[in-house]
Structures are given as structure tokens and as C-alpha cells.
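Reading the structure
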Amino acid sequence: MRVCVLGSGSKGNCTYIECGQTGILVDAGLSCAQIEKRLKAINVNPFSIAAILITHEHTDHINGASAFAQKFGTKIYTHKDTWQAMSSKIQNNNPTQLLDIYGNTFSVNDVDIKTFDVSHDAAHCLGFSVMHKNNKASVATDLGYVTDEILKNLSTSDVLVFEANHDVSKLLNNPNYPLHLKNRILSNKGHLNNDASADAIVQMLGYNVRGVILAHLSQQNNSPEIAYNTVAGKLNKAGAKVNKDIVIDLSHQEKIGNIFKIKE
Ligand SMILES: [Zn+2]
Ligand SMILES: [Zn+2]
């Protein structure tokens, strides 16, 4: 299994997960052209993408979904409420699989996928676990807080793409953000801050997790250094050796991240 965040941040999110011959995208919030370009950079044929899993209908998660699905005949999977919310924003003629049960499990070729609910200001925001052979990769971004259910799904994964959206004091002191926007981001249906993200990762120590790719970093209210240092600092304090016991990596908005490889 290989996992690569093709891009992440408020301007577009897209994660590639390779399971043998089958490629999966979680979200397609970059433009179709950017997704194609970034897949090419890691030698992936877009026709190998068998499914686009959409977490929720915000533009930074669906921007290129329709165009990509149309061009490469890719099936879109999302919650039925999300589809309803996004269908007005996109051309509604792609092959689509609608999900409606909590804890939905389904298969794409020989890949098993499980959904879990995350709290966010969207119609019905989901996280996804992608399982192939003995490997499991999970994606959870755009969440106000971490529930036990989320923690259970994440801690049994080999690799995670996990939100570290903002530094709370940087956000509170940002003069460009109106109060209602700050309150939205800080709320239970907003985004996960660095400290909350770090606390959750500390709780995953001793389970399966070998790598965490920090994602959806705010360009205004966070920096790669602050996010990394907050998480690494809390892990160190908890007695973990960063990049030995658990690898911490960063994703980027403007370029692809490192490829995380798990042996099958
Ligand atoms: Zn969102
Ligand atoms: Zn988002």
C-alpha cells in the first residue's frame, strides 16, 4: 500500500491511496488538471483510480471530482446527504454510489472501505478507512473534535492523514479573520487545532499507527513548523521517539507530499 497526499489545505484536498492495482482518491478538491498532473508526478495512471471517496460537500473537497470522474469514468462514493448538497454544484451524471448507513462498509475491487462519522458543519461529513490485505490507511480531516469512534478507527490504522488545522493563539490573534469565522473554526463542527490533533495522536501510541501525515493546515493560522513541533513535542513528552516509534510527516497545499509506503 502507498499513501500520498496530492494536496491539502483550504484551497483543495486530495489523497491518493494505492492498493495493489487499485487506486483510491479520498476527496478531489484540487482541479482535475492538478490531480492529473500530481498523479503523473508519482507515476500513477488516472485510469487506475477506481473510486473517489468524498468526505463532504465543501468546495475544497469536491472541486475536481466531477470533471475527473467524467474524464476517467471513475465512480464517486459519498453519503447520500452529501451528494444532495453537492449535486447542485457539479454536473450530476457520474456513476455514483450513495451511502446512507452509519459505519458503512463496502468494497472496491479487492479493497475494503469503512466510513465513520466526523463532526463538521456539512450535510454529513465522513472519514474513511481503506483496507487492503493486512494494511489500513485512514483519512480524517475537517473535524471539530475527536470522538471515541474516530479514535478507534484511526488507532487501528497503519497510516493516517489527520487534520492539524490551526494554532489556537495564531487564529485568535489573526486580524484578518472576523469573529464569526474564528468561532466557526473553533467550534465542535469546525476544524481540529494542533494541540487537539497532538493529544489524539498521543492516545494512538501503542496501537498500530506507524505514520501520521498532518493535513488541512491553515496557511494563515498555522505553519508546518508549528504543527510539526506541537505534535512532536507532545509525543516526546509522552515518551515516544518521533520518526522511530511513529513517523510524523506534513502535507502541502501547493505540492505533493512524500509517499508513505506500507509493506503488504
Ligand atoms: Zn469542510
Ligand atoms: Zn476542508
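Quick summary incoming for the structure in this document. These numbers were taken from a predicted model, which means no experiment stands behind them.

**Here we look at the coordination of the zinc ion (ligand 2)**
- Surrounding the zinc ion (ligand 2) are the protein donor atoms Asp60 (OD), His61 (NE2), Asp142 (OD) and His216 (NE2), at 2.1 to 2.2 Å.
- In this structure, the zinc ion (ligand 2) is surrounded by four donor atoms whose angles at the metal cover 91 to 169 degrees, and the resulting shape is irregular.
- Donor residues for the zinc ion (ligand 2), ordered by position in the chain, follow D-H-x80-D-x73-H.
- The two metals, the zinc ion (ligand 2) and the zinc ion (ligand 1), are separated by 3.4 Å and share Asp142 as a common coordinating residue.

**Some thoughts on the packing of helix H8 (residues 194-203) against helix H9 (residues 224-237)**
- Running from amino to carboxyl end, H8 crosses H9 at an angle of 35 degrees, the nearest separation of the two axes being 9 Å. In the crossing of H8 with H9, the sense of the turn from one axis to the other is right-handed. Along the contact surface, H8 presents Asn194, Asp195, Ala198, Asp199, Ile201 and Val202, while H9 presents Ile226, Ala227, Thr230, Val231, Lys234 and Leu235.
- Considering only residue class, the contact of H8 with H9 consists of seven nonpolar, two polar and three charged.

**Looking at the environment of Gln97**
- Tracing the backbone shows Gln97 in strand S6 (residues 96-99).
- For Gln97, a relative accessible area of 33% corresponds to the partly exposed category.
- Sequence separation between Gln97 and Ala51 is 46 residues, and the spatial gap between their C-alpha atoms is 9.7 Å.
- The contacts of Gln97, once residues within four sequence positions are left out, are Lys75, Ile76, Tyr77 and Thr78.

**What about the sheet that holds strand S11 (residues 159-163)?**
- Within the open sheet, the seven strands sit side by side as S7-S8-S9-S10-S11-S12-S13. Their pairing is mixed. Two strands bound the open sheet, and with one partner strand each, they are strand S7 (105-108) and strand S13 (247-250). On average, each strand axis in the sheet is inclined to that of its neighbour by 20 degrees, with strand direction left out of account.
- Across five bridges, strand S9 (residues 126-132) lies against strand S10 (residues 135-140) in antiparallel orientation. Bridge assignment links Phe128 to a residue of S10, and that residue is Val139.
- Relative to strand S8 (residues 111-117), helix H5 (residues 148-155) is tilted by about 155 degrees, and along the sheet it contacts S8, S9, S10 and S11.
- Most of the contacts of H9 go to S13, to which it runs at about 170 degrees, and overall it touches strand S12 (211-215) and S13.

Rules and cut-offs
Residues numbered from 1 in each chain as written. Chains lettered and ligands numbered in written order. Predicted model: local features only at pLDDT ≥ 70, side-chain atom pairs only at ≥ 80, totals over all residues. Heavy atoms only, no water. Donors = N, O, S within 2.8 Å, 3.2 Å for Na, K, Ca; no water. Tetrahedral: all angles 85-135°; square planar, octahedral: opposite > 155°, others 65-115°. Axes fitted to C-alpha atoms, helices over the stretch in contact; angles between N-to-C directions. Helix = DSSP H or I, 4+ residues; strand = E, 2+ residues; numbered from the N terminus. Left-handed = near helix turned anticlockwise from the far one by under 90°. Contact = heavy atoms within 4.5 Å. Nonpolar A, V, L, I, M, F, W, Y, C, P; charged D, E, K, R; others polar. Buried < 20%, exposed > 50% of the residue type's maximum accessible area, 1.4 Å probe, protein only. Pairing = 2+ DSSP bridges.

These figures capture arrangement, not role.
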